[in-house]
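Listed below, chain by chain, are the residues.
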Amino acid sequence: MVRAEYEIASGAYDCAGEVSSDIKRQLKQLGIDAGTLRRVAVSSYEMEMNIIIHSLGGVINLTVDNEWITLFSKDRGPGIPDVELAMREGFSTAGEDARNMGFGAGMGLPNMKRNADTFNIFSQMEEGTRITITFRVI
Ligand SMILES: Nc1ncnc2c1ncn2[C@@H]1O[C@H](COP(=O)(O)OP(=O)(O)OP(=O)(O)O)[C@@H](O)[C@H]1O
Ligand SMILES: [Mg+2]
C-alpha cells in the first residue's frame, strides 16, 4: 500500500511535470507494468497541468493497493462552469501564456478519461474541481 499527497501551486510552470514524474517513479519501484505506467503518467501529467494552468492551486493524492492505482485531485477553484463542454476534445479556455508554452489543445481531460479505467469529475463554481481516476493493477 502506497499513499502520497502532492501540493500544486497555481501558475507553477517552473515545476511542471514534477508531480507526475514522482508518481511514475514510485509506481516503477512497485513493479507496475509498462503499459499501466504509461497510462498513469499521461493522466497524472494532464491532472497536474490543469491545476497549474486553470486552478487556484490544489492537491493530487496517489493511492496504490494490490488492485487499484487511484489518483484524486482537488483544487480550490474557480471551478468549471460547464463540465460537459470542458470534456470535449478541442475545448480550451487556456490563455496566451499557456498556449505559448504549448498547452491549450483542449485534450487533457479527454486524454485522462481515455487512459483511465474509471473517470469521475465533479466541479462547482467557487468551490473547485475534484477528479478521481483509477487504473486496474495487472
Ligand atoms: N482544474 C480546473 N479548474 C478549472 N478549469 C479547468 C480545470 N481543468 C480543466 N478546466 C477547464 O476545462 C478546459 C479543458 O481542459 P483540458 O485539460 O481538456 O484542456 P486544456 O487544459 O485547455 O488544454 P490541454 O490540456 O490540451 O493543454 C480548460 O481549458 C479549462 O477551461
Ligand atoms: Mg489540460
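Residues numbered from 1 in each chain as written. Chains lettered and ligands numbered in written order. Predicted model: local features only at pLDDT ≥ 70, side-chain atom pairs only at ≥ 80, totals over all residues. Heavy atoms only, no water.

### Digging into the site of ligand 1
Around ligand 1 sit 20 residues, and of these His 54, Asp 75, Ser 92, Thr 93 and Gly 104 come closest. A distance of 2.9 Å is found between an oxygen atom of ligand 1 and a backbone nitrogen or oxygen belonging to Gly 106. Take Met 107: an N or O atom from its main chain is 2.8 Å from an oxygen atom of ligand 1. Taking 600 Å² as the accessible area of ligand 1 by itself, protein coverage stands at 94%. Those elements giving two or more residues to the shell around ligand 1 turn out to be α2 (34-54) and α5 (108-115). Looking at the shell around ligand 1 residue by residue, the class counts come to nine nonpolar, nine polar and two charged. (Near = heavy atom within 4 Å. Polar contact = N/O pair within 3.5 Å; in protein donor to acceptor, adjacent residues only side chain to side chain. Areas by Shrake-Rupley, 256 points an atom, 1.4 Å probe, with all protein chains shown as cover. Helix = DSSP H or I, 4+ residues; strand = E, 2+ residues; numbered from the N terminus. Nonpolar A, V, L, I, M, F, W, Y, C, P; charged D, E, K, R; others polar.)

### Examining the environment of Ile 32
By secondary structure assignment, the location of Ile 32 is in the loop between α1 (18-29) and α2. Spatially, the C-alpha atoms of Ile 32 and Thr 93 are 35 Å apart, while their sequence positions differ by 61 residues.

### Topic: α1
Between its terminal C-alpha atoms α1 stretches 17 Å, which fits the 16 Å expected from twelve residues at 1.5 Å a residue. For α1, every residue scored as buried is listed here: Val 19, Ser 20, Ile 23, Gln 26 and Leu 27. Along α1, the residues classed as buried sweep out an arc of 120° about the axis, all on the same side. Seen from the buried face of α1, the exposed residues on the opposite side, beyond 90 degrees, are Glu 18, Lys 28 and Gln 29. Packed against the buried residues of α1 are β1 (2-8), α2, β2 (58-64) and β3 (68-75). In the segment just after α1, Gly 31 is the residue with positive phi, at about 80°. (Expected span 1.5 Å × (residues − 1). Buried < 20%, exposed > 50% of the residue type's maximum accessible area, 1.4 Å probe, protein only. Arc of directions from axis to C-beta. Contact = heavy atoms within 4.5 Å.)

### What about the sheet that holds β1?
With antiparallel pairing, the five strands of this open sheet are ordered in space as β1-β2-β3-β5-β4. A single partner strand is all that each edge strand has here, and the edge strands are β1 and β4 (118-124). Between one strand axis and the next, the sheet turns by 10° as a mean value, whatever way the strands run. Relative to β3, β2 is paired through seven bridges, and the arrangement is antiparallel. Residue pairing in the sheet places Thr 63 in a bridge with Thr 70 of β3. Contacts from α1 reach β1, β2 and β3 within the one sheet, and its direction differs from that of β1 by about 170°. (Pairing = 2+ DSSP bridges. Axes fitted to C-alpha atoms, helices over the stretch in contact; angles between N-to-C directions.)

### Some thoughts on the pairing of β4
Note: β4 against strand β5 (residues 128-136), seven bridges, orientation antiparallel. Considered in β5, the bridge of Phe 122 is made with Arg 130. In this antiparallel pair of consecutive strands, β4 and β5, the connection spans three residues, and Glu 126 shows a positive phi of 75°.

### Focus: the nonpolar core
Membership of the largest hydrophobic core comes to 33 residues, with the highest contact counts inside it found for Ile 23, Leu 27, Ile 60, Leu 62, Ile 69, Leu 71 and Ile 133. Taken together, the elements giving at least two residues each to this core come down to β1, α1, α2, β2, β3, α5 and β5. The element contributing the most residues to this core is α2, with seven residues. What Leu 71 contacts, discounting residues up to four positions off in sequence, is Ile 23, Val 40, Ser 44, Met 47, Ile 60, Asn 61, Leu 62, Ile 131, Thr 132, Ile 133 and Phe 135. (Core = buried A, V, L, I, M, F, W, Y, C linked by side-chain atoms within 4.5 Å.)

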